[in-house]
Amino acid sequence: MTSGKQYVDSVFEKVKAQNGHEAEFLQAVEEVFDSLVPVFDKYPKYIEENLLERLVEPERIVSFRVPWVDDKGQVQVNRGFRVQFSSAIGPYKGGLRFHPSVNQSIIKFLGFEQIFKNSLTGLPIGGGKGGSNFDPKGKSDNEIMRFCQSFMTELSKHIGADTDVPAGDIGVGGREIGYLYGQYKRLRNEYTGVLTGKGLTYGGSLTRTEATGYGVVYFAEQMLKSKGEDFNGKTAIVSGSGNVAIYAIQKLHSLGAKVVACSDSSGYIYDEEGINVDTLKQLKEVERARIVQYLEHHPNAHFTPAGPDSSIWTVKADLAFPCATQNELNDADARALVGNGVIAVAEGANMPSTLEAIEVFHASGVLFGPAKAANAGGVAVSALEMSQNSQRLAWSFEEVDAKLYDIMKGIYENAAAAAKEFDAEGNLVVGANIAGFLKVAEAMSAQGIV
Ligand code: GLU
């Protein structure tokens with residue numbers, strides 16, 4: 001009989017052979033596959049059903065041309081993607097990323113992670129992701145609008161409130177969702193919850209803006225609690241300065257921690273007095289400025305420009321929240337954090353730690369909350385936005401926040417319990433992967449070979 005290890009290894013070899021050039025996708029797949037070996041030993045019928053090879057192949061990938069006209073009247077062309085990865089437990093759900101680094105590998109890694117993340121929320125949402133190599137930086141509002149309208153003109157053919165519901169990710173926030181929604185409505189002449197992260201005046205949910213940042217902090221709170229600890233008096237690093245980072249910092253401060261460093265792609269700020277969230281919001285949400293301008297408001301803070309010898313992870317802190325982007329924290333960074341006595345790391349971005357960095361954290365006994373569990377708060381509240389849209393009702397901030405809190409606590413408990421059941425107590429990577437997988441696997445198995 002084939003063992004779990006033999007089966008998982010053989011599927012991984014096929015995935016590598018067919019997607020050898022997709023480094024980020026392979027990285028995400030390897031991490032999940034390693035965790036799932038004992039699951040296939042326990043449930044050999046999933047080997048018979050070749051469930052893993054089916055799951056790792058996206059149900060559908062759409063790649064399309066996005067032509068648009070810039071402010072100088074020049075015609076520009078970008079590439080758009082939507083990966084509809086798994087609809088086993090609900091309509092495809094996941095964000096859109098606009099960033100020059102976007103390619104099929106990036107969208108597939110994000111879509112693959114999204115399957116497990118969405119399953120962990122306990123809500124009925126499948127896994128998908130999309131985006132474009134369009135760079136919103138330095139573009140005028142009109143250019144952003146024209147790009148979004150062109151992008152949606154094609155995307156609208158593939159999505160729908162009961163089929164596939166995109167949202168934001170890096171480079172796609174409230175402004176972009178507004179333009180995308182307006183174009184969808186115009187093309188289809190229907191007012192449905194086809195996107196989440198919408199504005200509050202046209203079907204958005206209270207707490208959605210804050211949800212990923214708040215959620216990662218609620219998750220970290222559970223991790224600390226398992227060791228009899230809390231946030232009081234602790235220092236923290238939060239990389240990034242976008243939507244996830246801003247609301248993680250705000251929640252950390254309200255729970256008694258002090259965030260001393262944050263960053264953008266140009267470098268990082270160290271502020272011994274604690275990062276001022278109002279300044280950060282003004283710079284990043286209103287002015288769309290570079291983070292160095294923080295110094296104009298807080299001259300005692302320090303700015304370190306990005307470069308090969310500069311890393312926000314060399315700042316001494318008790319807690320670390322990577323909330324910027326994939327592979328922003330490598331093994332050297334992890335060793336620097338451990339050397340400075342970090343006790344917990346919770347991922348707000350998707351796959352911010354390399355596989356080697358995660359090994360360092362586990363080997364050093366650092367509490368580690370993996371992205372697909374720790375940052376699931378954003379998509380969880382997106383699913384709550386879908387529910388409100390279907391009911392044509394709007395819930396209060398307190399109601400949605402309380403649901404978010406319970407969902408994050410539930411994810412922690414499920415991941416911790418699965419890790420224990422499969423002989424990896426304390427390993428939330430294994431626990432999250434297994435807990436997320438089991439629901440999807442059961443649904444796939446019940447639905448036959450499709
Ligand atoms: N982009 C977010 C994520 O990585 C949110 C997706 C959503 O709300 O659909 O989970």
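Residues numbered from 1 in each chain as written. Predicted model: local features only at pLDDT ≥ 70, side-chain atom pairs only at ≥ 80, totals over all residues. Heavy atoms only, no water.

As annotated in an unreviewed UniProt entry, the protein chain carries the name Glutamate dehydrogenase and comes from Streptococcus henryi. As recorded by UniProt, the Sequence similarities (unreviewed entry) comment attached to the protein chain reads in full: "Belongs to the Glu/Leu/Phe/Val dehydrogenases family." On record in UniProt, under Subunit (unreviewed entry), the comment for the protein chain is "Homohexamer." (UniProt positions renumbered as here; feature names shortened; annotations may be inferred.)

**As for empty space enclosed by the protein**
According to the stated counting rule, one finds 1 cavity of 30 Å³ or more in the structure shown. Estimated volume of the largest cavity: approximately 60 Å³. Around the largest cavity sit Gln27, Glu31, Glu113, Glu347, Met351, Ser353, Leu355, Ile358, Pro370, Ala371 and Lys372, which together line it. For the lining of the largest cavity, the secondary-structure elements that each account for two or more residues are helix H2 (23-42), helix H13 (355-363) and helix H14 (371-374). Grouping the constituent residues of the lining of the largest cavity by class yields 5 nonpolar, 2 polar and 4 charged. (1 Å grid on protein atoms, 1.4 Å probe; cavity = no way out; pocket = protein on both sides within 12 Å on 5 of 7 lines; lining within 4 Å. Points joined across faces, edges and corners; volume = space filled by probe spheres on them. Helix = DSSP H or I, 4+ residues; strand = E, 2+ residues; numbered from the N terminus. Nonpolar A, V, L, I, M, F, W, Y, C, P; charged D, E, K, R; others polar.)

**Section: the site of the ligand**
With respect to spatial proximity, 14 residues lie near the ligand, and among them Lys93, Lys117, Gly168, Asp169 and Ser382 are the closest. Interatomic distance of 2.7 Å between a side-chain N/O atom of Lys93 and an oxygen atom of the ligand. Relative to its free-state accessible area of 290 Å², the ligand is covered by the protein chains to the extent of 94%. Elements supplying a minimum of two residues to the shell around the ligand: strand E3 (92-98), helix H5 (104-120) and helix H15 (377-391). Looking at the shell around the ligand residue by residue, the class counts come to 2 nonpolar, 7 polar and 5 charged. (Near = heavy atom within 4 Å. Polar contact = N/O pair within 3.5 Å; in protein donor to acceptor, adjacent residues only side chain to side chain. Areas by Shrake-Rupley, 256 points an atom, 1.4 Å probe, with all protein chains shown as cover.)

**Regarding helix H9 (residues 243-254)**
Over its 12 residues, H9 extends 17 Å from the first C-alpha to the last, a length consistent with the 16 Å expected when each residue adds 1.5 Å. Taken as a whole, H9 has its buried residues at Val244, Ala245, Ile246, Tyr247, Ala248, Ile249, Lys251 and Leu252. Where H9 is buried, its residues meet helix H8 (208-225), strand E6 (235-238), strand E7 (258-264), helix H10 (277-286) and strand E10 (319-321). Just downstream of H9, Gly256 is the residue with a positive phi angle, here 100°. (Expected span 1.5 Å × (residues − 1). Buried < 20%, exposed > 50% of the residue type's maximum accessible area, 1.4 Å probe, protein only. Contact = heavy atoms within 4.5 Å.)

**Some words on the sheet that holds E6**
An order of E9-E8-E7-E6-E10-E11-E12 is seen for the 7 strands of this open sheet, with the pairing classed as mixed. The strands lining the two open edges of the sheet, one partner per strand, are strand E9 (302-305) and strand E12 (367-369). Each strand of the sheet is rotated relative to its neighbour by a mean of 15°, with strand direction disregarded. Taken together, the 4 bridges between E7 and strand E8 (residues 267-270) define a ladder with antiparallel strand orientation. Across the sheet, the residue bridging to Ala261 is Tyr270, located in E8. (Pairing = 2+ DSSP bridges. Axes fitted to C-alpha atoms, helices over the stretch in contact; angles between N-to-C directions.)

**Some points on the UniProt feature "binding site: NAD(+)" (unreviewed entry) in the protein chain**
Residues given the UniProt feature "binding site: NAD(+)" (unreviewed entry) here are Thr212 and Asn243. A maximum C-alpha distance of 8.0 Å is found for the annotated residues, which run over 32 residues; spatially they form one tight group. On the secondary structure map, Thr212 appears in helix H8. Residues in contact with Thr212, not counting those within four places in the same chain, are Val244, Gly348, Asn375, Gly377 and Gly378. Residue class for Asn243 comes out partly exposed when judged on its relative accessible area of 33%. Looking at Asn243, its side chain comes within polar contact range of the main-chain oxygen of Thr209, at 2.9 Å.

**Quick look at the layout of surface pockets**
Taken as a whole, the second largest pocket holds about 350 Å³ of empty space. Along the walls of the second largest pocket sit 20 residues, with Thr192, Gly193, Met386, Asn389 and Ser390 positioned nearest its centre. Residue classes in the lining of the second largest pocket are distributed as 8 nonpolar, 8 polar and 4 charged.

**As for helix H6 (residues 141-155)**
The first and last C-alpha atoms of H6 sit 21 Å apart over 15 residues, in line with the 21 Å expected at 1.5 Å per residue. Along H6, the residues that are buried comprise Glu143, Ile144, Phe147, Cys148, Ser150, Phe151, Met152, Glu154 and Leu155. Structurally, H6 contributes buried residues whose contacts are with strand E1 (60-69), strand E2 (75-86), E3, strand E4 (126-132), strand E5 (164-167) and helix H7 (174-188).

**Remarks on the nonpolar core**
It is characteristic of soluble globular proteins that their nonpolar side chains tend to be buried jointly. With 106 residues, the main nonpolar core has Phe33, Phe112, Phe321 and Phe437 as its most contacted residues. Non-local contacts of Phe33, meaning those with residues more than four positions away in its chain, are made with Val8, Val11, Phe12, Val15, Leu52, Val56 and Phe112. Core analysis: the second largest hydrophobic core is formed by 22 residues, Val62, Phe64, Ile144 and Tyr184 among them. (Core = buried A, V, L, I, M, F, W, Y, C linked by side-chain atoms within 4.5 Å.)

**A word on the sheet that holds E1**
Overall, mixed pairing links the 5 strands, which are arranged E1-E2-E4-E3-E5 in an open sheet. Bordering the open sheet on either side are E1 and E5, each of which pairs with just one other strand. In this sheet, neighbouring strand axes are inclined to one another by 20° on average, regardless of whether the strands run parallel or antiparallel. Both E2 and E4 contribute to a ladder of 6 bridges, which runs antiparallel. In the strand pairing of E4, Phe81 is matched with Gly131.

**What about the pattern of salt bridges?**
The final tally for this structure, using the stated rule, is 21 salt bridges. A salt bridge links Lys42 to Glu421; the shortest N-O distance between them is 2.6 Å. Here Lys42, found in helix H2, pairs with Glu421, found in helix H16 (residues 397-421); they are 379 residues apart in sequence, far enough to count as distant. Its relative accessible area of 44% is what places Lys42 among the partly exposed residues. For Glu421, a relative accessible area of 47% puts it in the partly exposed group. Each of Glu31, Glu113 and Lys372 takes part in a single network of salt bridges with overlapping partners. (Salt bridge = Lys/Arg side-chain N within 4 Å of Asp/Glu carboxyl O.)

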